[in-house]
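Chains, contacts and geometry: an overview
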Amino acid sequence: MNDILSPPVSRAGLHEEPTANTVLQEIKATVGTATVENPKMQARNVDVHYGEKQAIFDVSLDIGNNEVVAMIGPSGCGKSTFLRCLNRMNDSIPSCRVSGEMSLDGEDLYGPDLDPVLLRARVGMVFQKPNPFAKSIYDNVAYGPRIHGLAGNRGELDEIVTESLKRAGLFDEVKDRLDAPGTGLSGGQQQRLCIARTIAVSPEVILMDEPCSALDPIATARIEELIDELRQNYAIAIVTHSMQQAARVSQRTAYFHLGKLVEVNDTNSVFTNPQHELTENYITGRFG
Amino acid sequence: MSVESSHTAAPAQPSPATAHVKAGLARRYAAEKRFRLYGIIAIGASLAFLAMLLISIVSKGLPAFSQTFIQLDVPLDIDTLDIDAETAEAVQEGSLPASELRRANYNGAIREALRERFPDVSGRSDRRALYKLVSTGAQYDLARIVMDDPSLLGQRQTLWLPTDDEIGALVKRGADLTQADTLSTRLDDKSIAWAADLDANNEFDVRFNTTFFKNGDSREPELAGIRAALVGSAYTLLITFLLSFPVAVASAIYLEEFAPQNRWTDLVEVNINNLAAVPSIVFGLLGLAVFINFFHLPRSAPVVGGIVLSLMTLPTIIISSRAALKSVPPSIREAARGLGASELQVVFHHVLPLAMPGILTGTIIGLAQALGETAPLLMIGMVAFIVDIPQGITDSATVLPVQVYLWADSPERAFTEKTSAAIMVLLAFLIVMNAVAVMLRKRFERRW
């Protein structure tokens, strides 16, 4: 288990440029605290392979209730892959193989009793690129409740849609044109529509895969505010390329490097006092 | 020469690299201009060929849409018509149905009218030539007129009746009939003289040819119509569409969205691609061997034609449907999956509607191909001479391209224009089909 702090890394090589080899040798175990009390989701010793290639090495991480966990790291470090494993989105990739344990409220995600459709209703996902359906704004939000039969009648459905749009901070902007196509909105509005669509299903966890990478700073600020509000009710895991964003929205931060979880700790300590040399190099902008 | 040197060089002095690029610019623009010219020439050439084709077809085919009528003063007395007085009276009173008059000698009445118009004509062969001014189908027109209104019996009526094809063509051409020579037609001098006489007295009239759209095929060009082939084509294509569209779309969805990637699906894929390249006559042979000889489906029927053509259309629709499904952005699938939609819901709620325009395009290409296909239909007997309009998918029928082929093969001169006219009808059919597809596509595209 990785819940014990690994011995502090020597600071001697701080100013050397790390090469791939030295990096691989250095990441022996995760630095920091990967577990929380009363976790919503748990991952233990997760390995992920794409065919022959291993993308994730022995990652253990908890996601707690009412907290935002940010996952940062250079491109190709496996943070998105890990996130997608949390609601089995990788199932559709035939060559993808997941081993280790992952659970939601103690229920094995990859166990025989778990239905991926049900899992995805409980663990919602917001994607990097806003991807509204080619339907009206109303139908976009109503789609999830409709397929799961969450609304008994039209009135209830209306209420779910309005409530979700309000919580996503989009309602005031679109209340007069709920019949307009969702694809006609601006990028930031589309992303908030996608968030509204996700929370309309009343999930327990929301996974966000770089939700702001296609947005301008103003839209980003709105989404970040929204994430902070959503934290009151959901467990949230967010993958981001922006360290400022991670620092702003998250309570805990996990730093991935080449498929390994290097360090995970309180966001504050990760950014002010990184324990691992690689983390420090990354957050100070030395590479990545 | 190095690029770095440009950083240190004075700004007025272009670097060697810039000079090199500049020197090559003229050549690059010339190449671009040349290429545009080639494109314009290519488009111009294809437009010219298309225009030539259309002009030749339309100019040849237009006369087929008009028909020449001759004005005759027809005696409708019961003696000439050879009806007994009792029957005539009974029909007029309504105690017998008008169909009782079907067997009357209408031809006799027309001949009597012609003899009265040209009283000088005597002798067997001359009279026979005279009778030939009027179409052999005129008696059926006359019969219909009399049966529609039995009160006409016993009166003389001035009627417009269709002429024979040779005379009709001569009049339609609008040439001066007194100058016409026998070389340009199969008519003899006397017939031309009669025609000139009739023309001088305005006893010819050229009208829109409704016969062409009402009748099936006939040995007489002036009676031959496109209706049977048109209806046959419609039935055949309906069967083709009903069979190939659902089967092809279902196969495409399964192969693209659900099938595992293994040797079997690879094999199926290769076979589908090969199927698209099989000569169409092979499908005809298969239809003959399997559907007619083994399953004993009726010969020359749209049902067999439709099945054979749908075999031919399937790979086209499958291939284009798969391409359309593949082009739906994966983000849409992920979005739906992320909300907890099952695979089937992902496909039917999101992927299929977005792929529909592409699928419809493929379908219309496949159906257009099927509409123009002759070879496989020859093998299953749809090349028959069909006079009756098919009433259902198991009746004997022919299709438009086969009708074109049959008429192109006929010796009578008037069939030349019929051939072109049939091609025009075929093209119109195609345009209507495409228009429907475009409309459907627009409807689906609006949902983006």
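Cut-offs used in this document
- Residues numbered from 1 in each chain as written.
- Chains lettered and ligands numbered in written order.
- Predicted model: local features only at pLDDT ≥ 70, side-chain atom pairs only at ≥ 80, totals over all residues.
- Heavy atoms only, no water.
- Helix = DSSP H or I, 4+ residues; strand = E, 2+ residues; numbered from the N terminus.
- Buried < 20%, exposed > 50% of the residue type's maximum accessible area, 1.4 Å probe, protein only.
- Contact = heavy atoms within 4.5 Å.
- Areas by Shrake-Rupley, 256 points an atom, 1.4 Å probe, with all protein chains shown as cover.
- Axes fitted to C-alpha atoms, helices over the stretch in contact; angles between N-to-C directions.
- Parallel < 35°, antiparallel > 145°, perpendicular 65-115°, else oblique.
- Left-handed = near helix turned anticlockwise from the far one by under 90°.
- Nonpolar A, V, L, I, M, F, W, Y, C, P; charged D, E, K, R; others polar.
- Buried area = accessible area lost by both parts, 1.4 Å probe.
- Salt bridge = Lys/Arg side-chain N within 4 Å of Asp/Glu carboxyl O.
- Polar contact = N/O pair within 3.5 Å; in protein donor to acceptor, adjacent residues only side chain to side chain.
- Core = buried A, V, L, I, M, F, W, Y, C linked by side-chain atoms within 4.5 Å.
- Pairing = 2+ DSSP bridges.
- Patch = residues over 30% accessible without salt bridge, like charges linked within 9 Å, V, L, I, M, F, W, Y side chains within 5 Å.
- Lys, Arg positive; Asp, Glu negative; His and termini not counted.
- Charge placed at Lys NZ, Arg CZ, Asp CG, Glu CD.
- Domains from an automatic or database assignment.

What about the overall build of chain A?
- From N to C terminus, chain A includes 11 helices and 11 strands.
- When burial is assessed residue by residue, chain A has 55% of its 288 residues classed as buried.
- Pairs at least 24 residues apart make up 69% of the contacts formed inside chain A by residues separated by at least 6 positions.
- Put simply, chain A shows about 12,300 Å² of open surface, and 48% of that area lies on carbon and sulfur atoms.

Observations concerning the packing of helix 2 (residues 16-61) of chain B against helix 19 (residues 414-445) of chain B
All names here are of chain B.
- Where helix 2 meets helix 19, the closest approach of the two axes is 7 Å, and the angle between their N-to-C directions is 120°. Relative to helix 19, the element helix 2 lies oblique. When the axes of helix 2 and helix 19 are compared, the crossing they make is left-handed. Contact residues: Leu-54, Ile-57, Val-58, Lys-60 and Gly-61 in helix 2; Thr-416, Glu-417, Ser-420, Ala-421, Ile-423, Met-424 and Leu-427 in helix 19.
- When its residues are assigned to classes, the contact of helix 2 with helix 19 shows 7 nonpolar, 3 polar and 2 charged.

Comments concerning the interface of chain A and chain B
- Counting from both sides, the interface comprises 24 residues of chain A and, opposite them, 17 residues of chain B.
- In total, chain A and chain B occlude about 1,700 Å² of area from one another, counting both sides; carbon and sulfur atoms represent 60% of this.
- For chain A, the biggest contributors to the area lost against chain B are Phe-133, Ala-134 and Tyr-143 of chain A; these three give 28% of the whole.
- Linking chain A to chain B there are 1 salt bridge.
- Here Glu-334 of chain B ties to Arg-84 of chain A by a salt bridge, and the two come within 2.6 Å at their closest N and O atoms.
- Our count for the chain A to chain B interface comes out at 6 residue pairs in polar contact (both at pLDDT 80 or more).
- Those elements giving two or more residues to the side of chain A that touches chain B turn out to be helix 3 (116-122), strand 7 (123-126), helix 4 (137-148) and helix 7 (187-199) of chain A.
- In terms of residue count, the dominant contributor to the side of chain A that touches chain B is helix 4 of chain A (4 residues).

Quick notes on the nonpolar core
- Core analysis: the largest hydrophobic core is formed by 42 residues, its most contacted members being Leu-165, Ile-206, Met-208, Ile-227, Leu-230 and Ile-236 of chain A.
- Broken down by element, this core gets its largest block of residues, 5 residues, from helix 8 (residues 217-230) of chain A.
- Counting 40 residues, the second largest nonpolar core, distinct from the first, contains Leu-237, Val-308, Met-312 and Val-399 of chain B.

Notes on the pairing of strand 7 of chain A
All names here are of chain A.
- Neither face of strand 7 is left uncovered, since the one carrying Val-123 and Met-125 and the one carrying Gly-124 and Val-126 both have all their residues buried.
- Bridge count for strand 7 against strand 8 (residues 205-209) is 4 bridges, and the pairing is parallel. Bridge pairing in strand 8 places Met-125 opposite Leu-207.

Quick look at a negative patch on the surface
All names here are of chain B.
- Taken together, the side chains of Asp-79, Asp-82, Asp-84, Glu-86, Glu-89 and Glu-93 define an acidic patch exposed on the protein surface.
- Here the element with the most residues in the negative patch is helix 4 (residues 85-93); it accounts for 3 residues.
- Residue position: Asp-79 is located in helix 3 (residues 78-81).

Details of the sheet that holds strand 2 (residues 156-162) of chain B
Residues and elements named next belong to chain B.
- As summarised here, the arrangement of the 3 strands in space is 2-1-3, forming an open sheet in which the pairing is antiparallel. In this open sheet, the two strands that pair with only one neighbour each are strand 2 and strand 3 (204-208). Shown here is a sheet whose adjacent strand axes are inclined to one another by a mean of 35°, direction ignored.
- Pairing geometry for strand 1 (residues 66-75) and strand 3, over 5 bridges, is antiparallel. Across the sheet, residue Ser-66 finds its bridge partner in strand 3, namely Phe-208.
- This element, helix 5 (residues 106-117), spans strand 1 and strand 2 of the sheet and lies at about 85° to strand 1.

Concerning the domain arrangement of chain B
Residues and elements named next belong to chain B.
- Partitioning chain B into structural domains gives domain 1 (5-61), domain 2 (66-216) and domain 3 (227-445).
- Taking only C-alpha atoms, the centre of domain 2 and the centre of domain 3 are 45 Å apart.
- With 12 residues of domain 2 at the contact, the number on the domain 3 side is 14 residues.
- When domain 2 packs against domain 3, close to 950 Å² is buried across both sides, 52% of that on carbon and sulfur atoms.
- Considering only the surface of domain 2 that becomes buried against domain 3, Phe-212, Phe-213 and Gly-216 emerge as the three largest contributors, covering 48% of it.
- In this structure, the connection of domain 2 to domain 3 is made through 1 salt bridge.
- Two residues, Glu-417 and Lys-172, come together in a salt bridge whose shortest N-O distance is 3.0 Å.
- There are 3 residue pairs in polar contact (both at pLDDT 80 or more) connecting domain 2 and domain 3.
- By residue class, the composition of the side of domain 2 that touches domain 3 is 2 nonpolar, 5 polar and 5 charged.

Notes on the environment of Leu-367 of chain B
Residues and elements named next belong to chain B.
- Its location among the elements puts Leu-367 in helix 16 (residues 343-371).
- Residues Leu-367 and Met-433 lie 66 residues apart in sequence; the distance between their C-alpha atoms is 8.8 Å.
- Contacts of Leu-367, omitting those with residues within four sequence positions, involve Leu-237, Thr-240, Phe-241, Thr-313 and Met-433.

Looking at the side chain of Arg-120 of chain A
- When you line up the elements, Arg-120 of chain A lands in helix 3.
- This buried residue, Arg-120 of chain A, is left without a salt bridge; Asp-91 of chain A holds the nearest opposite charge, at 4.0 Å.

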